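Here are the chains, one letter per residue:
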Amino acid sequence: MDYVAPKDFVTKMIDAGEAKVFMSTRDTLIRSFMAGAILALAAAFAITITTQTGQPLLGAVLFPVGFILLYLMGFDLLTGVFTLVPLALIDKRPGVTLKGVLRNWGLVFSGNFAGALMVALMMAIIVTFGFSQAPDAVGEKIGHIGEGRTVGYAAHGAAGMLTLFIRGVLCNWMVSTGVVAAMMSTSVSGKVIGMWMPIMLFFYMGFEHSIVNMFLFPSGLMLGGNFSIMDYLVWNEIPTVIGNLVGGLTFVGLTLYVTHSRTAPRRVPVATTRGANDVVAVPAE
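To keep things clear, this report deals only with the structure shown in the data block. (Residues numbered from 1 in each chain as written. Predicted model: local features only at pLDDT ≥ 70, side-chain atom pairs only at ≥ 80, totals over all residues. Heavy atoms only, no water.)

**Structural notes on the overall build of the chain**
- A count of helical and extended segments in the chain gives 12 helices and 2 strands.
- Order of helices (α) and strands (β) in the chain, N terminus to C terminus: α-α-α-α-α-α-α-α-α-α-α-α-β-β.
- Counting all 285 residues of the chain, 47% fall into the buried class.
- Taking contacts inside the chain between residues at least 6 apart in sequence as the whole, the part at least 24 apart equals 81%.
- Counting only carbon and sulfur atoms, one obtains 69% of the accessible surface of the chain, whose full area is about 13,400 Å².
- Between the mean site of the 17 positive side-chain charges and the mean site of the 15 negative ones, the chain shows a separation of 8 Å. (Helix = DSSP H or I, 4+ residues; strand = E, 2+ residues; numbered from the N terminus. Buried < 20%, exposed > 50% of the residue type's maximum accessible area, 1.4 Å probe, protein only. Contact = heavy atoms within 4.5 Å. Areas by Shrake-Rupley, 256 points an atom, 1.4 Å probe, with all protein chains shown as cover. Lys, Arg positive; Asp, Glu negative; His and termini not counted. Charge placed at Lys NZ, Arg CZ, Asp CG, Glu CD.)

Written as structure tokens, this is what we have:
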């Protein structure tokens with residue numbers, strides 16, 4: 001495996017964020033739609049494994065397959081752009097504005113939600129035979145997850161909201177670590193290994209991922225979960241999105257940028273000293 005030093009992969013992080021700001025609306029929506037759909041399928045896969053085997057750890061071990069596939073295909077998750085895109089603004093890349101950052105976030109959110117919702121509908125059809133019968137064991141499990149992670153938090157009031165927010169922070173700390181870990185290697189095997197561990201950790205620990213929840217909660221509502229759309233938005237999705245933003249940007253993006261960006265390779269003008277026949281290149285300050 002080829003290891004990329006921090007000073008180099010931080011530059012790659014900034015470059016990636018800049019590229020996403022200037023990506024066309026069409027490409028941003030397509031890539032985010034596919035990312036939401038694939039991650040939703042991975043969540044359905046992990047829940048199916050957990051339900052059928054009774055081994056949550058096994059489901060968590062295999063869940064990262066979806067994240068790895070969508071990353072290698074160049075698709076975009078909201079959790080990743082929360083971390084990478086602001087760095088291009090902070091680094092003052094030409095043409096990058098706050099409006100451009102917010103535009104990217106809005107498009108990726110919309111695409112992720114549409115992709116996850118499509119898979120939610122497909123899975124609801126599968127586990128109910130086209131809504132012709134009660135949900136099977138997997139469908140019931142999905143419905144209960146939706147209840148526990150909405151009204152379950154609401155039952156604890158402010159303490160529940162704080163817990164939800166912190167789970168969102170910890171989630172994207174790990175997910176964005178996975179995104180960055182993929183930049184630490186130039187080989188496919190190195191990228192896969194780097195991504196696998198933090199993604200497995202967040203899923204097994206039950207942290208709150210806004211895109212996974214875009215699948216779980218609409219699915220739960222379709223499958224008879226005892227919670228409402230407002231419960232989902234107020235007691236999960238909105239606080240989770242905010243927690244994901246804080247976790248990814250604070251503990252991954254800004255941390256790496258502040259400590260490594262100054263040593264990242266930069267093209268600088270050179271000044272010369274001494275005579276014309278004895279030139280020494282000196283980086284300009």
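**What to know about the nonpolar core**
- The biggest cluster of nonpolar side chains holds 67 residues, and the ones touching the most others in it are Phe9, Met13, Leu39, Phe63, Phe67, Phe202 and Phe215.
- With residues up to four places along the chain from it excluded, the contact list for phenylalanine 63 reads Leu39, Ala42, Ala43, Ala46, Ile199, Phe202, Phe203 and Val212. (Core = buried A, V, L, I, M, F, W, Y, C linked by side-chain atoms within 4.5 Å.)

**Details of the packing of aromatic side chains**
- Tallying each qualifying case throughout the model produces 8 aromatic pairs.
- Seen in terms of ring centroids, phenylalanine 202 and phenylalanine 203 are 6.2 Å apart; in terms of plane orientation they differ by 85°. Their pairing is edge-to-face.
- We classify phenylalanine 202 as buried; its relative accessible area is 3%.
- Pairing phenylalanine 217 with phenylalanine 227 gives two aromatic rings, centres 6.0 Å apart and planes at 85°, and the pair type is edge-to-face. With phenylalanine 217 in helix H11 (residues 210–222) and phenylalanine 227 in the loop between H11 and helix H12 (229–260), this residue pair connects regions lying 10 residues apart in the sequence. (Phe/Tyr/Trp six-rings, centres within 6.5 Å; stacked < 30°, edge-to-face > 60°.)

**What about helix H7 (residues 137–148)?**
- An ideal rise of 1.5 Å per residue puts 16 Å on 12 residues; H7 measures up with 17 Å between its terminal C-alpha atoms.
- Taken as a whole, H7 has its buried residues at Val138, Gly139, Ile142, Gly143, Ile145 and Gly146. All buried residues of H7 project into a common sector of 155° when viewed along the axis, lining one side.
- Capping the start of H7, aspartate 136 holds a side-chain oxygen 3.1 Å from the backbone nitrogen of valine 138, two or three residues further along. (Expected span 1.5 Å × (residues − 1). Arc of directions from axis to C-beta. Polar contact = N/O pair within 3.5 Å; in protein donor to acceptor, adjacent residues only side chain to side chain.)

**Considerations on the pattern of salt bridges**
- By the definition in use, this model includes 7 salt bridges.
- Two residues, arginine 149 and glutamate 208, come together in a salt bridge whose shortest N-O distance is 3.7 Å. Taken together, the residues arginine 149 in the loop between H7 and helix H8 (151–154) and glutamate 208 in the loop between helix H10 (188–204) and H11 connect sequence positions 59 residues apart.
- Since its relative accessible area comes to 21%, arginine 149 is described here as partly exposed. (Salt bridge = Lys/Arg side-chain N within 4 Å of Asp/Glu carboxyl O.)

**What to know about the packing of helix H1 (residues 6–21) against H12**
- Here H1 crosses H12 at 125°, and the two axes come no closer than 10 Å. Comparing the axis directions of H1 and H12 gives the class oblique. Our pair here, H1 against H12, has a crossing hand that is left-handed. Residues Pro6, Lys7, Phe9, Val10, Met13 and Ile14 of H1 form the contact with H12, whose own contacting residues are Gly253, Leu256, Tyr257 and His260.
- Along the lines of polarity and charge, the residues of the contact of H1 with H12 split into 7 nonpolar, 2 polar and 1 charged. (Axes fitted to C-alpha atoms, helices over the stretch in contact; angles between N-to-C directions. Parallel < 35°, antiparallel > 145°, perpendicular 65-115°, else oblique. Left-handed = near helix turned anticlockwise from the far one by under 90°. Nonpolar A, V, L, I, M, F, W, Y, C, P; charged D, E, K, R; others polar.)

**So, the packing of helix H5 (residues 78–90) against helix H9 (residues 158–181)**
- Look at H5 against H9: their axes get within 9 Å of each other, and the N-to-C directions meet at 75°. Taken together, the axes of H5 and H9 lie roughly perpendicular to each other. Facing H5, whose interface residues are Thr79, Gly80, Phe82, Thr83 and Leu84, H9 presents Asn172, Val175, Ser176 and Val179.
- Grouping the constituent residues of the contact of H5 with H9 by class yields 4 nonpolar, 5 polar and no charged.

**Notes on the environment of asparagine 112**
- Mapped onto the elements, asparagine 112 comes out in helix H6 (residues 98–128).
- Separated by 81 residues in the primary sequence, asparagine 112 and arginine 31 place their C-alpha atoms 8.6 Å from one another.

**Remarks on the environment of valine 4**
- Relative to the assigned elements, valine 4 resides in the segment before H1.
- By relative accessible area, valine 4 is classed as buried at 10%.
- Not counting chain neighbours up to four residues away, the residues in contact with valine 4 comprise Phe9, Met183, Met184, Ser185 and Thr186.

**Focus on a nonpolar patch on the surface**
- Taken together, the side chains of Ile229, Met230, Leu233, Val234, Ile238, Ile242 and Val246 define a hydrophobic patch exposed on the protein surface, amounting to about 590 Å² of accessible area.
- Tracing the backbone shows valine 246 in helix H12. (Patch = residues over 30% accessible without salt bridge, like charges linked within 9 Å, V, L, I, M, F, W, Y side chains within 5 Å.)

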